[in-house]
Amino acid sequence: MYRVRWICILCVRFYQKYFSPLTIGACRYYPSCSEYTLWLLMFDNPFYALGKSFMRILRCNQLFAGGIAYPQAKILFKNIVFVPKKVKYWFVPTTNTSFLDIINAFNQTYIVRVYIIKSLF
């Protein structure tokens, strides 16, 4: 599954580099459909990511309003350590989950459905 993920990521990056500049501003959503696919491929099962991306591409037309639609994925958190570091992606829970419960138990594993948001800095 690891190879499938990286082959798909390479295909999307190839699309972004060579074909996406030909269609400037064509996507109706933020993040663009190719960024959405990349984020899902990095953090979700590749087969689920491809299915979600396919549905997103089907919605990216004049019949839908578009707008901001962040990808959702199930993330496995284990051995959580709170140290200062550079943040590349933010994981925002889709439900009202209390992370104060997670702070008390460092050696437990949690599966949480989150929105994936890329950091600006």
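The rules behind these values
- The written sequence of each chain sets the order in which its residues are numbered from 1.
- Side-chain atom pairs in this predicted model are given and counted only at pLDDT of 80 or more, local residue features only at pLDDT of at least 70, and totals for whole chains, interfaces and linings cover all residues.
- Excluding hydrogens and water, the side-chain values take into account all heavy atoms of the structure.
- UniProt positions are given in the numbering used here, feature names are shortened, and annotations may be inferred rather than shown by experiment.
- Helix and strand assignments follow DSSP, with helices taken as H or I runs no shorter than four residues and strands as E runs no shorter than two, numbered in order from the N terminus.
- Only protein chains enter the calculation, and the probe is 1.4 Å; a residue is then buried if its accessible area is under 20% of its type maximum, exposed if over 50%, and partly exposed in between.
- Residues are treated as being in contact if the distance between any of their heavy atoms lies within 4.5 Å.
- Pairing between strands is defined by DSSP: at least two bridges between the two strands are required.
- Here an angle of 0 to 180 degrees is reported between the N-to-C directions of two axes, which are lines fitted to C-alpha atoms, with helices fitted over the stretch in contact.
- Here a cavity denotes grid points, spaced 1 Å and computed from the protein atoms alone, that fit a 1.4 Å probe unable to get out, and a pocket denotes an open set having protein on both sides within 12 Å along at least 5 of 7 lines; residues with an atom within 4 Å of a point are the lining.
- Grid points are joined across faces, edges and corners, and a volume is the space filled by probe spheres set on the points.
- When residues are sorted by character, Ala, Val, Leu, Ile, Met, Phe, Trp, Tyr, Cys and Pro go into the nonpolar class, Asp, Glu, Lys and Arg into the charged class, and all the rest, Gly among them, into the polar class.
- When describing relative orientation, an angle under 35 degrees is termed roughly parallel and one over 145 degrees roughly antiparallel, while 65 to 115 degrees is termed roughly perpendicular and anything else oblique.
- In this scheme the handedness of a crossing depends on how the near helix is turned from the far one: anticlockwise by less than a right angle means left-handed, clockwise means right-handed.

- Per an unreviewed UniProt entry, the protein is named Putative membrane protein insertion efficiency factor, and its organism is Helicobacter japonicus.
- Check the Function (unreviewed entry) section of the UniProt entry for the protein; it says "Could be involved in insertion of integral membrane proteins into the membrane."
- In its Sequence similarities (unreviewed entry) section, the UniProt entry covering the protein states "Belongs to the UPF0161 family."

**What about the overall build of the protein?**
And then number 1: Summing up its helical and strand segments, the protein has 4 helices and 5 strands in all.
And then number 2: By principal-axis analysis of the C-alpha atoms, the protein measures approximately 50 × 35 × 30 Å.
And then number 3: Counting every position in the protein, which comprises 121 residues, the buried fraction comes to 26%.
And then number 4: Contacts spanning at least 24 positions in sequence make up 74% of the contacts within the protein whose residues lie at least 6 apart.

**Observations regarding the pairing of strand S5 (residues 109-118)**
In regular strands, side chains alternate between the two faces of the sheet.
And then number 1: The pairing of strand S3 (residues 72-78) with S5 spans 7 bridges and is classified as antiparallel. Across the sheet, Lys-78 pairs through a bridge with Thr-109, a residue of S5.

**A few points about the sheet that holds strand S4 (residues 89-93)**
And then number 1: Across the sheet, 3 strands lie side by side as S3-S5-S4; this open sheet has antiparallel pairing. Of all strands in the sheet, those bounded by a partner on one side alone are S3 and S4. When strand polarity is set aside, the average angle formed by the axes of neighbouring strands in this sheet is 55°.

**As for the layout of surface pockets**
And then number 1: Looking at the second largest pocket, its volume works out to about 350 Å³.
And then number 2: Lining the second largest pocket are 17 residues, with Tyr-15, Cys-27, Ser-32, Cys-33 and Ser-34 positioned closest to its centre.
And then number 3: Only helix H1 (2-18), helix H2 (33-43) and helix H3 (46-59) provide two or more residues apiece to the lining of the second largest pocket.
And then number 4: For the lining of the second largest pocket, the class distribution of residues is 10 nonpolar, 7 polar and no charged.

**So, the packing of H2 against H3**
And then number 1: In the contact formed by H2 and H3, the axes pass within 9 Å of each other and the chain directions differ by 165°. Classified by the angle between their axes, H2 and H3 sit roughly antiparallel to one another. Crossing of H2 over H3 shows right-handed handedness. Residues Cys-33, Tyr-36, Thr-37, Leu-40 and Leu-41 of H2 lie in contact with H3, whose contacting residues are Pro-46, Ala-49, Leu-50, Lys-52, Ser-53, Arg-56 and Ile-57.

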